[in-house]
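Spelled out from the first residue to the last, the chains are:
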Amino acid sequence: TMVITGSEDANESSSSSIMPSTYAPSKLPSPAPTGIQDVEEQVLISFYNAAGGNSWIKSKEWVTGSDFCQWHGVKCATVGSTTFVDELRLPANILTGDLEAISLSLINLKYLRILDLDSNLLTGNMTV
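This write-up is about the structure you can find in this document.

Calculation rules
- Residues numbered from 1 in each chain as written.
- Predicted model: local features only at pLDDT ≥ 70, side-chain atom pairs only at ≥ 80, totals over all residues.
- Heavy atoms only, no water.
- Helix = DSSP H or I, 4+ residues; strand = E, 2+ residues; numbered from the N terminus.
- Contact = heavy atoms within 4.5 Å.
- Disulfide = S-S within 2.5 Å.
- Buried < 20%, exposed > 50% of the residue type's maximum accessible area, 1.4 Å probe, protein only.
- Patch = residues over 30% accessible without salt bridge, like charges linked within 9 Å, V, L, I, M, F, W, Y side chains within 5 Å.
- Areas by Shrake-Rupley, 256 points an atom, 1.4 Å probe, with all protein chains shown as cover.
- Salt bridge = Lys/Arg side-chain N within 4 Å of Asp/Glu carboxyl O.
- Phe/Tyr/Trp six-rings, centres within 6.5 Å; stacked < 30°, edge-to-face > 60°.

**Concerning the side chain of Ser105**
Then, in step 1: Secondary-structure assignment places Ser105 in helix α2 (residues 99-106).
Then, in step 2: Ignoring any residue separated from it by four or fewer positions in sequence, one finds Ser105 in contact with Val43 and Phe47.

**Description of the state of the cysteines**
Then, in step 1: Under the counting rule described, the total for this entry stands at one disulfide.
Then, in step 2: In this model, Cys69 is linked to Cys76 through a disulfide, with the two sulfur atoms separated by 2.1 Å. The disulfide joining Cys69 to Cys76 has a torsion of about -95° about its S-S bond and is therefore left-handed.
Then, in step 3: We classify Cys69 as buried; its relative accessible area is 16%.

**Examining a nonpolar patch on the surface**
Then, in step 1: Together, Ile57, Ile94 and Leu121 give the surface a local cluster of nonpolar side chains, amounting to about 280 Å² of exposed area.
Then, in step 2: Topologically, Ile94 is positioned in the loop between β2 (82-89) and β3 (96-98).

**A short note on the environment of Asp38**
Then, in step 1: Of note, Asp38 is situated in helix α1 (residues 36-50).
Then, in step 2: Asp38 sits in the partly exposed class, given a relative accessible area of 27%.
Then, in step 3: Considering only alpha carbons, one finds Asp38 and Phe68, 30 residues apart in sequence, at a separation of 9.9 Å.

**Quick word on the packing of aromatic side chains**
Then, in step 1: For the coordinates displayed, the defined rule picks out eight aromatic pairs.
Then, in step 2: On the numbers, 6.1 Å between centres and 45° between planes, the contact of Phe47 with Trp62 is tilted. Linking Phe47 in helix α1 with Trp62 in the loop between α1 and β1 (74-79), this pair joins segments that are 15 residues apart in sequence. For the pair shown, Phe47 and Trp62 are each scored as buried.
Then, in step 3: Measuring from ring centre to ring centre gives 5.0 Å for Trp56 and Trp62, while their planes differ by 80°; the resulting arrangement is edge-to-face.
Then, in step 4: The exposure class of Trp56 is buried, given its relative accessible area of 6%.
Then, in step 5: Among the aromatic residues, those joined into a ring-pair cluster are Phe47, Tyr48, Trp56, Trp62, Phe68 and Trp71.

**Quick notes on unusual backbone geometry**
Then, in step 1: Of note in the backbone geometry, Val63 takes a positive phi value of approximately 70° without being a glycine.
Then, in step 2: Structurally, Val63 can be placed in the loop between α1 and β1.
Then, in step 3: Taking the relative accessible area as the measure of exposure, Val63 reaches 4% and is therefore buried.
Then, in step 4: With a phi angle near 45°, Ala92 is a residue other than glycine that sits in the positive phi range.
Then, in step 5: With respect to the helices and strands, the residue Ala92 is situated in the loop between β2 and β3.
Then, in step 6: Take Ala92: its relative accessible area is 47%, and that puts it in the partly exposed class.

Written as structure tokens, this is what we have:
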């Protein structure tokens with residue numbers, strides 16, 4: 001099991017911009033995110049595309065659901081009026097792709113505390 005600990009200060013602001021994935025997404029990210037929820041949704045969409053989301057065993061609500069906190073394996077936390085991705089748990093779900101590319105997109109989940117991608121078909125090394 002992979003566990004990555006990130007920042008626990010939910011009051012930090014994020015000025016990261018997310019580039020759309022080079023894969024054909026099921027849902028296109030908006031070109032200019034307006035808040036942390038928009039940024040995190042775009043990160044998750046890019047992750048889904050980079051990790052072969054169309055072939056996952058469980059992908060309930062991914063990309064098609066309006067609330068990314070309801071997507072399979074995504075757990076969110078709320079501090080004040082800000083909701084953010086706290087955990088991403090997708091073990092044994094046939095995720096595929098290069099860990100380096102995937103980790104570079106996930107780095108924009110500023111408050112991610114737990115990442116579990118164990119027992120998938122991922123290759124390469126992960127940048128932490």
